[in-house]
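Listed here are the chains, written in short residue letters.
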Amino acid sequence: GGIFHGKSLGNGTIYMEIKNRDISLKTSLFDENVNLTGKGNLSDPFPWTAELNIKPGRYDFLLGLFVKEVPEELLFNLSSHVVMRGDKENISASANIDHLSVVLFGYTFSSESNVTVQIDNRRLSLPAFTLRSGDTSFVKIQGGLEIGKEYDVRLKGRSSLLPLKVLSKKVDLLTGEA
């Protein structure tokens, strides 16, 4: 197995086959908890499709791909099915996350229902979903972002503000409820 951000990725297998200009891929990663299958063609415009299945588990180390500094106290659990397609100029993906749980700064937030995420090129869309913490705290999240450019994410509900500190390393202290 490999190492990513100092964490062991576990064992895995990768099988790839190229016949003529067609390519197929089948992987089993992170001790068989993440499985990716795909196919594509090596002729212009290089079309491809893929499916990703993520078994329930802890994947906080992967947040390092999106957040510059992942707090040590962060725990990120999920299970998901993702369908992707693209070519040399475009990419689209649809993820159905059937379990999402985040533990940060002593707060545990869990999804109440499936969460659907859409990606179209650099645009990520989040249809409304709710994360709940205990009986009284909840946050309804919806919106989107353009990777590397802008964020338009709306949060509505009642919860401590402290977990929002992870969004920017410029914030040293964040207290209160909203």
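See the structure printed just above.
Everything numeric here is computed off the predicted structure, so don't read it as measured data.

A. Quick peek at the pairing of strand 7 (residues 75-86). As defined by bridge partners, strand 6 (residues 48-58) adjoins strand 7 across 9 bridges and the pair is classed as antiparallel. By the bridge assignment for strand 7, Ala 50 is matched with Met 84. By the bridge criterion, 12 bridges tie strand 7 to strand 8 (residues 91-104) in an arrangement that is antiparallel. The residue bridging Leu 78 from the neighbouring strand is Leu 100, located in strand 8. Taking the residues between adjacent antiparallel strands as the criterion, strand 7 and strand 8 are bridged by 4 residues.

B. Broad picture of the environment of Lys 39. Mapped onto the secondary structure, Lys 39 falls in strand 5 (residues 34-41). In this structure, Lys 39 is in contact with Ile 23, Ser 24, Pro 47, Trp 48 and Thr 49, ignoring residues within four places of it in sequence.

C. The arrangement of the nonpolar core in detail. Of all hydrophobic cores here, the largest spans 29 residues; its most connected members are Tyr 59, Phe 76, Leu 78, Leu 100, Val 117 and Phe 129. For this core, the elements supplying multiple residues, two or more each, are strand 6, strand 7, strand 8, strand 10 (115-120), strand 11 (123-133) and strand 12 (137-146). Among the elements that take part in this core, strand 8 stands out by supplying 6 residues, more than any other. Setting aside its immediate chain neighbours within four residues, Leu 78 contacts Ile 54, Lys 55, Pro 56, Gly 57, Tyr 59, Ile 97, His 99 and Leu 100.

D. Summary view of the side chain of Ser 79. Relative to the helices and strands, Ser 79 resides in strand 7. Its relative accessible area of 6% is what places Ser 79 among the buried residues. Among all residues touching Ser 79, those that are not within four sequence positions of it are Ile 54, Lys 55, Pro 56, Asn 96, Ile 97, Asp 98 and His 99.

E. Focus on the pattern of salt bridges. One pass over the structure, following the stated rule, counts 3 salt bridges. For Lys 19, the salt bridge goes to Glu 17, with nearest N and O atoms at 3.5 Å. Classification of Lys 19 by relative accessible area gives exposed; the value is 53%. The shortest N-O distance in the salt bridge between Asp 60 and Arg 58 comes to 2.6 Å. Asp 60 sits in the buried class, given a relative accessible area of 8%. On the accessibility criterion, Arg 58 (47% relative accessible area) is partly exposed.

Calculation rules
- Residues numbered from 1 in each chain as written.
- Predicted model: local features only at pLDDT ≥ 70, side-chain atom pairs only at ≥ 80, totals over all residues.
- Heavy atoms only, no water.
- Pairing = 2+ DSSP bridges.
- Helix = DSSP H or I, 4+ residues; strand = E, 2+ residues; numbered from the N terminus.
- Contact = heavy atoms within 4.5 Å.
- Core = buried A, V, L, I, M, F, W, Y, C linked by side-chain atoms within 4.5 Å.
- Buried < 20%, exposed > 50% of the residue type's maximum accessible area, 1.4 Å probe, protein only.
- Salt bridge = Lys/Arg side-chain N within 4 Å of Asp/Glu carboxyl O.

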